[in-house]
Amino acid sequence: GVIVFIALLLMYGRIELTLMTFVPMLITWIWILGIMALVGIEFNIVNVMISTFIFGLGDDYSIFTMDGLLVEYQYGKRNLTSIRTSILLSALTTISGLGVLIFAQHPALRSIAGISIIGIVSVFFMSQTLQPFLFRWMITNRTAKGLAPMTAFGIGKSIFTYGFFVIGSLLLTGIGLFLKLIPFGRRNVRLFYHTLLSFYTRSLVTLAPQLKIIKIGFHGKTFSRASVIVANHTSFLDILTTTMLHPKLILLTNKWVWNSPVFGGVVRLADYYPVMDGAEDSIERVKDRVNEGYSILVFPEGTRTSDGKMKRFHKGAFYMAEVLKLPIQPLIIHGADDAIPKNTIYLNAGPVTLKILPPIEPHDTSFGNTYAEKTKNIGRYFRKEYEALTRAQESPDYFKHRLIANYLYKGPVLEWYMRVKVALEGNYKQFHELVPTNGSVLDLGCGYGFLCYMLAFLSEERTVTGVDYDEEKIETAKHCYSRNERINFETGDVTSFPLQRYDTIIIADVLHYLTPEAQVRTIERAVNALEKGGRLIIRDGNAELQERHKGTKLTELFSVKILRFNKSQNDLHFMKASDVKRIAGRLNCTVEIIDDTKFTSNVIFVVRKQNETT
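Counting starts from 1 at the beginning of each chain's written sequence and moves along it residue by residue. Local features in this predicted model are restricted to residues whose pLDDT is 70 or higher, and side-chain atom pairs enter the listing and the counts only when it is 80 or higher, whereas totals over whole chains, interfaces and linings include all residues. Side-chain measures here rest on the full set of heavy atoms in the structure, leaving out hydrogens and waters.

**Q** Report on a positive patch on the surface, specifying residues and quantitative values.
**A** Only residues whose relative accessible area exceeds 30% and that form no salt bridge are eligible for patches; like-charged ones are grouped when within 9 Å, while nonpolar side chains (Val, Leu, Ile, Met, Phe, Trp, Tyr) are grouped when within 5 Å. Computed by Shrake-Rupley with a 1.4 Å probe, the accessible areas treat only the displayed protein chains as cover when residues are assessed. What makes a salt bridge here is a side-chain nitrogen of Lys or Arg within 4 Å of a carboxyl oxygen of Asp or Glu, nothing more. Charge counting treats Lys and Arg as positive and Asp and Glu as negative, with His and both chain ends excluded. For this purpose, a charge sits on NZ of Lys, CZ of Arg, CG of Asp or CD of Glu. Residues R312, K315, K376 and R380 make up a contiguous surface patch of positive charge. Under the scheme used here, helices are H or I runs from DSSP no shorter than 4 residues and strands are E runs no shorter than 2 residues, and both carry numbers assigned from the N terminus. Locating R380 in the fold gives a position in helix α14 (residues 371-393).

Okay, structure coming up:
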């Protein structure tokens, strides 16, 4: 068993796939031993030898099933049915061949038949039920919903975080019930309990692995007076990240939080109020707390959004601010929906940003005179500020984890190759800065599609098409969970692929695989396919940089000859910068050369197509 476990770990390169394959075999042997005891079959020297045979078949069944699941996940090839049929036939023939010994007179032969029947049925059942269930639970059921697959580390940190949450909530409930018994100093007791609650949620968020909280705009006077804080709501995490900000906060919660078997007791003991019928009904309840300096936090959308897009603001919070004559304090929450998406408890890695905007005073009429006008105008202002924060925070570094998650469980070599490549590329920050945030983009020689996905993540106004002649790479790129209607992949030769019209065309690390004639032809075709004012972005080794060019040749040796990530049918031909300038000049284009590497000759040529008027 130890030998098999190590072999599986080396083969799959991930502990999750190893456990999915090994655990069914382990449980199978618990079944076999239990059934043998129930029917009175004892181990003997013959059974021990047969057990090895059964264990080997169990390995085969589990590995075949896992390979079928992985091929379907990576390439979309549905061959699991044929694999299951093959396993069924193998089980039936094995049972028929060894099971006939059940009619033998010798007890040792009958025990061989008994353990064979029990063992083969058990390993067959486990490989066809538990193993696919685990794979779908951890991976495909989530990716089908556009969520990242789970990992062992992710499950571990989720268990730790929610375990901390449950234990802390129960402890706070007990403390709150005890504090209720104190007949005097209710104001101080209440503040003490809120301080404990704020400390607890701050500790929980701080200790949650890979969860980073970024606060913008907060200062010493932010909570010095009562106000109505309005915040967008995308995740359960919003409750924890807001209650940690200051003890003097009262949340208006919805029904499920109020009735939660875990956190509901804390919510009720902290004098948070449910808003089943709107915030307006809570005004009389919160007046006393406002007089004590507590701010009221409201999620004016009413419920969490599932796609990160803000819904229409309800009027209750703004009516409350008008009646109580309190300033409105906008609080923008960004990233919580990526950390813990709606309808899931799995904790992803990533930063969560809290940005507090300047307060809007009761006498401020710039957003309207009535609460209805303020609801509409402040909502518009909130969305504008949210979009600005989104642009500032959603950098290539922000989307790194999402890009990596799309290639998990697609082979250890590919996974580590993409991790290293994305790191060396600086998460494709340079390409993002060179490619306009709107328009059509074509990536010729896209490989597995790393750059295509990153460009699409960074702007919803980009449509990205990737082309590569390696069908296996294209099929892998096509079957990523983040793919949508803005991201397309095609198999084709970059020298002859039929081009449409594009705003930007990228040819990165491709030209040196082509013959000199094909290089010129490919550049000409790309320029002719650009829209007016479009740009062709070429990255390749510049043969004129002779010393650094040795480093480029060395990396290509590893890529093509040793690791075989890239295929080449021709000798490598590197262009000179003067060649690119000459071709661009002939096509009435300008060229900008970006050279910021130290150890290789790889440079970026930005070829801009001139408008017809220039």
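**Q** I'd like a description of the sheet that holds strand β7 (residues 350-356), backed by residues and values.
**A** Two strands are said to pair when DSSP picks up at least two bridges between them. Strand order across the open sheet formed by 7 strands is β1-β7-β6-β2-β5-β3-β4, with mixed pairing between neighbours. In this open sheet, the two edge strands, each paired with only one partner strand, are β1 (211-216) and β4 (273-274). Here strand β6 (residues 328-334) runs beside β7; their pairing, made up of 4 bridges, is antiparallel. Directly across from I333, in β7, lies its bridge partner L354. Docked against the sheet, helix α12 (residues 316-324) engages β2 (228-231), β3 (249-253), β5 (295-298) and β6, running at close to 165 degrees with respect to β2. Whether two residues are in contact is decided by their heavy atoms: any pair within 4.5 Å suffices. Working convention: axes come from line fits to C-alpha atoms, limited for helices to the stretch in contact. Angles between N-to-C directions cover 0 to 180 degrees.

**Q** Residues and numbers for the side chain of Q128, please.
**A** Following the sequence through the fold, Q128 ends up in helix α5 (residues 107-143). For every residue, the accessible area obtained with a 1.4 Å probe (protein chains only) is divided by the maximum for its type, and the residue is called buried under 20%, exposed over 50%, and partly exposed between those limits. For Q128, a relative accessible area of 14% gives the class buried. Between N or O atoms, a polar contact is any pair within 3.5 Å; within protein, one atom must be a potential hydrogen donor and the other a potential acceptor, and residues adjacent in sequence are included only when both atoms are from side chains. Looking at Q128, its side chain comes within polar contact range of the side chain of T65, at 3.5 Å. Among all residues touching Q128, those that are not within four sequence positions of it are T65, R84 and I87.

**Q** Could you give an account of the pattern of salt bridges, with specific residues and numbers?
**A** Taken as a whole, this structure holds 19 salt bridges when the rule is applied. Of the charged contacts, one joins R419 and E415 as a salt bridge, the two residues approaching to 3.1 Å between their closest N and O atoms. Taken together, the residues span about one helical turn, with R419 and E415 both in helix α16 (residues 412-424) at a distance of 4 residues. Residue class for R419 comes out partly exposed when judged on its relative accessible area of 27%. Judged by its relative accessible area of 2%, E415 is buried. We note a salt bridge from R539 to E425, for which the minimum N-O separation is 2.4 Å. Pair noted here: R539 is in strand β12 (residues 530-541) and E425 is in the loop between α16 and α17 (429-434), with a separation of 114 residues, a long-range link. Each member of the pair, R539 together with E425, is buried. Residues joined by salt bridges that share partners form a network here, namely R187, R190, D271, R289 and E292.

**Q** Could you give an account of the pairing of β5, with specific residues and numbers?
**A** Burial along β5 is two-sided: the face carrying S295 and L297 and the face carrying I296 and V298 are both buried. When β2 meets β5, the two strands line up parallel, connected through 3 bridges. Bridging from a neighbouring strand, I229 pairs with L297 of β5. Relative to β5, β3 is paired through 3 bridges, and the arrangement is parallel.

**Q** Hey, could you go over the pairing of β12 for me, with residue numbers and the actual values?
**A** With 9 of its 12 residues buried, β12 lies for the most part within the structure. With 6 bridges connecting them, strand β11 (residues 502-508) and β12 associate as parallel partners. The partner of I506 across the bridge, within β12, is I537. This β-α-β element, β11 to helix α20 (residues 516-528) to β12, shows right-handed connectivity. The pairing of β12 with strand β14 (residues 602-609) spans 7 bridges and is antiparallel. Looking at the pairing, D540 lines up with V603 of β14. Look down the strands so they point away from you; if the path from the first strand over the helix to the second goes clockwise, the crossover is right-handed.

**Q** Can you lay out unusual backbone geometry for me, pointing to particular residues and giving the numbers?
**A** One non-glycine residue, Q210, lies in the positive phi region at around 65 degrees. We note that N588 has phi near 60 degrees; this positive angle belongs to a residue other than glycine. Summarising the element assignment, N588 is placed in the loop between α22 (577-586) and β13 (589-594). Owing to a relative accessible area of 46%, N588 belongs among the partly exposed residues under this scheme.

**Q** Which residues make up the environment of F574, and what values do they have?
**A** By the secondary structure assignment, F574 is in the loop between α21 (546-562) and α22. Among the residues examined, F574 registers a relative accessible area of 16% and is labelled buried. Placed 21 residues apart in sequence, F574 and K553 show a C-alpha to C-alpha distance of 9.5 Å.

**Q** Talk me through the nonpolar core; I want residue IDs and the actual numbers.
**A** Ranked by internal contacts, the top residues of the largest apolar core, which has 77 residues, are L17, F135, Y407 and I506. Those residues in contact with L17, other than ones at most four positions away along the chain, are Y12, M66, L70, F135, I139 and Y409. Formed by 70 residues, the second largest nonpolar core is a distinct cluster that contains V205, L249, V266 and A317. Definition used in this section: a nonpolar core is a set of buried Ala, Val, Leu, Ile, Met, Phe, Trp, Tyr and Cys residues joined via side-chain atoms within 4.5 Å.

**Q** Explain the packing of aromatic side chains to me, using residue names and the numbers behind them.
**A** For this analysis, a ring pair means two rings from Phe, Tyr or Trp (six-membered ring only for Trp) whose centres lie within 6.5 Å, classed as stacked if their planes differ by under 30 degrees, edge-to-face if by over 60, and tilted for the remaining angles. Applying the stated criterion across every chain yields a total of 23 aromatic pairs. Aromatic side chains Y407 and Y453 sit 6.5 Å apart centroid to centroid with 80 degrees between the ring planes, which places their arrangement in the edge-to-face category. Highlighted residues: Y407 in the loop between α15 (400-405) and α16 and Y453 in helix α18 (residues 450-458), separated in sequence by 46 residues. Overall, the relative accessible area of 0% leaves Y407 in the buried class. Stacked on the ring of F313, the Lys or Arg R383 has its end atom at 5.4 Å from the ring centre. By the criterion adopted, a ring carries a charge over it if an Arg CZ or a Lys NZ lies within 6 Å of its centre and within 35 degrees of its normal.

**Q** Which residues make up the sheet that holds β11, and what values go with them?
**A** The strand order across the open sheet formed by 7 strands is β10-β9-β8-β11-β12-β14-β13, and the pairing between neighbours is mixed. The open sheet is flanked by β10 (487-491) and β13, the only strands paired with a single partner. Taken pair by pair, the neighbouring strands of this sheet meet at an average axis angle of 15 degrees, ignoring direction. Packed on one face of the sheet, helix α19 (residues 471-478) meets β9 (462-468) and β10 and runs near 160 degrees to β10.

**Q** Give a description of the packing of helix α1 (residues 2-12) against helix α3 (residues 45-75) that names residues and reports values.
**A** Packing of α1 against α3 leaves a shortest axis separation of 12 Å and a crossing angle of 20 degrees. Of the possible angle classes, the one that applies to α1 and α3 is roughly parallel. You can see that α1 and α3 cross each other, and the crossing is right-handed. Facing V4, L8, M11 and Y12 of α1, the residues of α3 in contact are F55, D59, I63, M66, D67 and L70. Three classes are used: nonpolar for Ala, Val, Leu, Ile, Met, Phe, Trp, Tyr, Cys and Pro, charged for Asp, Glu, Lys and Arg, and polar for all others, with Gly counted as polar. Counted by class, the contact of α1 with α3 contains 8 nonpolar, no polar and 2 charged residues. Roughly parallel here means an angle under 35 degrees, roughly antiparallel means over 145, roughly perpendicular means 65 to 115, and every remaining angle is called oblique. By convention, the crossing between two helices is left-handed when the near helix turns anticlockwise from the far helix through less than a right angle, and right-handed when the turn is clockwise.

Any functional reading would require information beyond the geometric quantities listed.
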